[in-house]
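Notes for the structure review
Each chain, letter by letter, is given below.
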Amino acid sequence: RPRVLSGIQPTSGSFHLGNYLGAVRQWVAQQDTHDAFYMVVDLHALTVTQDPEALRANSRFAAAQLLATGLDPERCTVFVQSHVPEHAQLSWVLNCLTGFGEASRMTQFKDKSGKHGADRTTVGLFTYPVLMAADILLYQSDQVPVGGDQRQHLELTRALAERFNGRYGDTFKVPDAFIVKETARITDLQDPTLKMSKSSSTPKGIINLLDEPKTSAKKIKSAVTDTGTEIRYDEENKPGLSNLLTIYSALTDTDIAELEQRYEGKGYGALKTDLAEILVEWVTPFRRRTQEYLDDPETLDSVLAKGAEKARAVAAETLAQVYERVGFLAAK
Ligand code: TYM
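In this report, the structure presented in the accompanying data block is examined. (Residues numbered from 1 in each chain as written. Predicted model: local features only at pLDDT ≥ 70, side-chain atom pairs only at ≥ 80, totals over all residues. Heavy atoms only, no water.)

Around the ligand lies a shell of 28 residues, among which Gln9, Tyr128, Asp135, Asp149 and Ile186 are the nearest. Residue Asp149 places a side-chain N or O atom 2.4 Å away from an oxygen atom belonging to the ligand. The separation between a nitrogen atom of the ligand and a polar main-chain atom of Ile186 is 2.9 Å. When isolated, the ligand has an accessible area of 710 Å², and the protein chains bury 95% of it. Every element with two or more residues in the shell around the ligand is listed here: strand S1 (3-8), helix H1 (17-30) and helix H7 (123-138). For the shell around the ligand, the class distribution of residues is 13 nonpolar, 11 polar and 4 charged. (Near = heavy atom within 4 Å. Polar contact = N/O pair within 3.5 Å; in protein donor to acceptor, adjacent residues only side chain to side chain. Areas by Shrake-Rupley, 256 points an atom, 1.4 Å probe, with all protein chains shown as cover. Helix = DSSP H or I, 4+ residues; strand = E, 2+ residues; numbered from the N terminus. Nonpolar A, V, L, I, M, F, W, Y, C, P; charged D, E, K, R; others polar.)

Encoded structure:
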């Protein structure tokens, strides 16, 4: 079975619809076709200021949500990044292989650091993509299921794997990004030129999966669309409507062409009302399941402990090989 690995940040409570449709939905499908490793990336979260208690709580929230989406610890490995110290260890080695200019070209760093200003931007944020490369390469991953915004980080990961292999001999598998074109970029409901995102979306533009279903339904109904009436997928001229069609199509596994037919002559209001209802039907059991995991900390802890143990076995093997190849003295 080919191996997949991916991660998600434990940020402020709830995943959003972009996280789910762009990434986590694929993780659920791949647990039956792949040897799958999925993690809560708390080391990455630390690249911006975090309240310690909030970070701890958010990591539990994230793990509970992953299980609530349908990840089954019997069929895949779910763990927390900081439980596997090899991530930070490999990251250092890869930092020493990454060009300063190369890291400076990462567009996500440029976007995020621009917001904070030079002195409030941490070195951690700068080397964030290198840590991500370490995450991926430790597990000899074949594929990495992510949203489109991670594409450049995957290119860096491939470059680092090839560089290491070229310098020290074949060590890492060179992984491929697995990006589903249709859902690679779910956009903000109020400004369809923006990606739906915790850091840039306004509250009305983002669907948080743990919000009151009524609130989410309202946001769908008040999503910005153009002034036309024809239900047709057209990213350029009808970006808001196209985003709603994408969401509808993904949540119901229906082709967009079929939706266009179904809503012929019906207008945007009908589509929004139906989509709001579909979303409510999806989030209601999701919220209940998340709460069940949060109410049962022993089960959650034991899933994460087992996950960390399985992950560590793989990660330790790769790291030992790397340490030997780069010339570190063996610890006796
Ligand atoms: P993060 O936590 O920002 O997002 C988690 C996943 O959600 C995807 N995503 C989206 N997809 C479509 N439309 C959107 N609007 C949208 N917003 C977010 C992201 O692409 C991502 O797949 N660096 C990563 C976490 C990470 C990782 C890794 C991923 C750390 N190590 C190793 C893969 C492998 C991140 O911050 O994702």
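According to the stated counting rule, one finds 11 aromatic pairs in the structure shown. Geometrically, the ring pair formed by Phe100 and Phe126 is tilted, given 5.0 Å between the ring centres and 45° between the ring planes. Taken together, the residues span a long stretch of sequence, with Phe100 in helix H5 (residues 100-104) and Phe126 in helix H7 at a distance of 26 residues. For Phe126, a relative accessible area of 15% gives the class buried. Through a chain of ring-to-ring contacts, the aromatic side chains of Tyr20, Trp282 and Phe286 assemble into a single cluster. Between Lys266 and the ring centre of Tyr263, over which it is positioned, the NZ or CZ distance is 5.8 Å. (Phe/Tyr/Trp six-rings, centres within 6.5 Å; stacked < 30°, edge-to-face > 60°. Buried < 20%, exposed > 50% of the residue type's maximum accessible area, 1.4 Å probe, protein only. Lys NZ or Arg CZ within 6 Å of the ring centre and 35° of its normal.)

The next point concerns the layout of surface pockets. Its boundaries defined by the atoms lining it, the second largest pocket holds a volume of some 350 Å³. Every residue lining the second largest pocket is counted, 14 residues in all, and those nearest its centre are Glu182, Arg185, Tyr233, Glu235 and Thr246. If you tally residues by element for the lining of the second largest pocket, the top one is helix H10 (residues 239-252), at 4 residues. Within the lining of the second largest pocket, the residues separate by chemical class into 6 nonpolar, 4 polar and 4 charged. (1 Å grid on protein atoms, 1.4 Å probe; cavity = no way out; pocket = protein on both sides within 12 Å on 5 of 7 lines; lining within 4 Å. Points joined across faces, edges and corners; volume = space filled by probe spheres on them.)

Interaxial distance between helix H4 (residues 86-95) and helix H13 (residues 297-326) falls to 10 Å at its minimum, and their mutual angle equals 25°. By the criterion of interaxial angle, the relationship of H4 to H13 is roughly parallel. For the element pair H4 and H13, the recorded crossing hand is left-handed. Across the interface between the two elements, Glu86, Gln89, Leu90 and Val93 of H4 pack against Arg312, Ala315, Ala316, Leu319, Val322, Tyr323 and Val326 of H13. For the contact of H4 with H13, a count of residues per class yields 8 nonpolar, 1 polar and 2 charged. (Axes fitted to C-alpha atoms, helices over the stretch in contact; angles between N-to-C directions. Parallel < 35°, antiparallel > 145°, perpendicular 65-115°, else oblique. Left-handed = near helix turned anticlockwise from the far one by under 90°. Contact = heavy atoms within 4.5 Å.)

Here the focus is empty space enclosed by the protein. Per the counting criterion, the structure on display carries 1 cavity of 30 Å³ or more. Here the largest cavity is characterised by a volume of approximately 50 Å³. Around the largest cavity, the lining residues are Gln108, Phe109, Lys112, Leu125, Tyr128, Pro129 and His153. Classifying every residue of the lining of the largest cavity gives 4 nonpolar, 2 polar and 1 charged.

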